[in-house]
Amino acid sequence: MNAVRTQLLRAGLLASIAMASGCAMKPMDLTKVSEDSGLKPVAVKTSLFTIQTLQPAAQQAQRLRVYIEGDGRAWITSRTVSDDPTPVKSLVPGLVVADPAPAVYLARPCQFVLGANCKQKLWTTHRFGKDVLQAASEVLDTLKSQYGVRDFELVGYSGGGAIALLLAATRTDVSLVQTIAGNVDPKAWTELKGLTPLSGSMTPVDFADRLAGVPQRHLIGLNDTVVPPEVSQAYMLKVQPHCGETVFVDADHYSGFQSAWALYRDKPVKCEPDPGSNVK
């Protein structure tokens, strides 16, 4: 009897662990995150994907702040690619909800909405590729028409930082880029982390001449081991923006940025003849 009881208890414990793990891996619920905020989930169709957004009520806005999500749950383990890149948790929707300015949350392709064109390469080797960039640009076109937007401020978190900079380099209506824990130099990132190069991706530093003229601010976590500070430092040395600053924050990759972002989000970026880093 004792042996049977022990087996039953062990089975119950394993079942509880499995259920807890399942809950922990449950994709983030944007409806719940945005309730009572004035933002509503809206799926935007592009030529290849349906992109999930959070949007405010229709209103005219000369400038729209668009927050671009990170890579999400691209990998289950270091060797296993996820079948669904939807984030389990993310600080980005909370930043959008707390922003008093007209703001939109922009997910990456296949996050929240899987479709026929969703292949694993889109959140691995091709995460900064042409199809991903085109989808984001098409969403901006839709938002521009919908809200009567003159120009955009793009805010990129983690891998969304590379997307924000690539959009700024390939469009003429991006007036400001800010990144939070941004992977702004994917090539330097893979080299620093000893990872396989992202064969199907672009990198912002290849557009250094264009990006040098784009005002930009990069919030960097001093304790970030996912995208270490050296990544932004490598980017700034290569691009040398005329109006650019870096702000070092006591944060890791997933937390600690909220108060710093609230402090800096509406401050003009400092412009200097010889751009340097502004360490805070």
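Participant: I'd like a rundown of the sheet that holds strand 7 (residues 216-221), residues and numbers included.
Facilitator: Note: strands within a sheet are paired through backbone hydrogen bonds, in either parallel or antiparallel orientation. Strands sit in the order 1-2-4-3-5-6-7-8 across an open sheet of eight strands; the sheet is mixed. Each edge of the open sheet is held by one strand with a lone partner, namely strand 1 (39-45) and strand 8 (244-249). Taken over all neighbouring pairs, the strand axes of this sheet differ in orientation by 20 degrees on average, direction set aside. Across six bridges, the pairing between strand 7 and strand 8 is parallel. Paired with Gln216 across the two strands is Gly244, which belongs to strand 8. Relative to strand 2 (residues 50-56), helix 4 (residues 130-147) is tilted by about 35 degrees, and along the sheet it contacts strand 1, strand 2, strand 3 (63-68), strand 4 (103-106) and strand 5 (151-157).

Participant: Hey, could you go over the packing of aromatic side chains for me, with residue numbers and the actual values?
Facilitator: Applying the stated criterion to the full structure yields two aromatic pairs. Consider the rings of Tyr67 and Trp261, whose centres lie 6.0 Å apart with planes at 80 degrees: the pair is edge-to-face. Note that Tyr67 is positioned in strand 3 and Trp261 in helix 9 (residues 258-264), a separation of 194 residues in sequence. Each of the two residues, Tyr67 as well as Trp261, counts as buried. For the pair Tyr105 and Phe112, a centre-to-centre distance of 6.4 Å together with 80 degrees between the ring planes defines the contact as edge-to-face. Note on Tyr105: relative accessible area 0%, which makes it buried. Here the guanidinium or amino end of Lys267 rests over the ring plane of Tyr264, the centre of that ring lying 4.9 Å away.

Participant: So what about empty space enclosed by the protein? Which residues, and what values?
Facilitator: Under the defined criterion, the tally for this structure stands at three cavities of 30 Å³ or more. Grouping the constituent residues of the lining of the largest cavity by class yields five nonpolar, two polar and three charged. Space inside the second largest cavity adds up to approximately 50 Å³. Of the residues in the lining of the second largest cavity, the class split is nine nonpolar, no polar and one charged.

Participant: Give me the lowdown on the nonpolar core, citing residues and values where you can.
Facilitator: Counting 49 residues, the largest nonpolar core has Val66, Leu143, Leu154 and Leu211 as the members making the most contacts within it. When residues no more than four places from it in sequence are discounted, the contact partners of Leu143 are Gln55, Leu64, Val66, Val104, Gly148, Val149 and Phe152. Judged by nonpolar contacts, the second largest core, of 24 residues, contains Tyr67, Val96, Ala107 and Ala251.

Participant: I'd like a description of the packing of helix 4 against helix 5 (residues 159-170), backed by residues and values.
Facilitator: Relative orientation of the contacting elements helix 4 and helix 5 amounts to 70 degrees, with a least axis distance of 10 Å. As far as their axial angle goes, helix 5 and helix 4 are roughly perpendicular. The handedness of the crossing between helix 4 and helix 5 is right-handed. Across the interface between the two elements, Val132, Leu133, Ala136, Ser137 and Leu140 of helix 4 pack against Ile163, Leu166, Leu167 and Thr170 of helix 5. Of the residues in the contact of helix 4 with helix 5, the class split is seven nonpolar, two polar and no charged.

Participant: Any details on unusual backbone geometry? Residues and values, ideally.
Facilitator: The phi dihedral of Phe112 is positive, around 75 degrees, even though this residue is not glycine. One non-glycine residue, Ser158, lies in positive phi territory at about 55 degrees. For Ser158, the position within the fold is in the loop between strand 5 and helix 5. On the basis of relative accessible area, Ser158 is assigned to the buried category, the value being 9%.

Participant: An account of the pairing of strand 3 is requested, with residue identities and associated values reported.
Facilitator: Buried residues dominate strand 3, accounting for five of its six residues. In this structure, strand 3 lies alongside strand 4, joined through four bridges in parallel fashion. Within the sheet, the bridge partner assigned to Val66 lies in strand 4 and is Val104.

The rules behind the values
Residues numbered from 1 in each chain as written. Predicted model: local features only at pLDDT ≥ 70, side-chain atom pairs only at ≥ 80, totals over all residues. Heavy atoms only, no water. Pairing = 2+ DSSP bridges. Helix = DSSP H or I, 4+ residues; strand = E, 2+ residues; numbered from the N terminus. Axes fitted to C-alpha atoms, helices over the stretch in contact; angles between N-to-C directions. Contact = heavy atoms within 4.5 Å. Phe/Tyr/Trp six-rings, centres within 6.5 Å; stacked < 30°, edge-to-face > 60°. Buried < 20%, exposed > 50% of the residue type's maximum accessible area, 1.4 Å probe, protein only. Lys NZ or Arg CZ within 6 Å of the ring centre and 35° of its normal. 1 Å grid on protein atoms, 1.4 Å probe; cavity = no way out; pocket = protein on both sides within 12 Å on 5 of 7 lines; lining within 4 Å. Points joined across faces, edges and corners; volume = space filled by probe spheres on them. Nonpolar A, V, L, I, M, F, W, Y, C, P; charged D, E, K, R; others polar. Core = buried A, V, L, I, M, F, W, Y, C linked by side-chain atoms within 4.5 Å. Parallel < 35°, antiparallel > 145°, perpendicular 65-115°, else oblique. Left-handed = near helix turned anticlockwise from the far one by under 90°.

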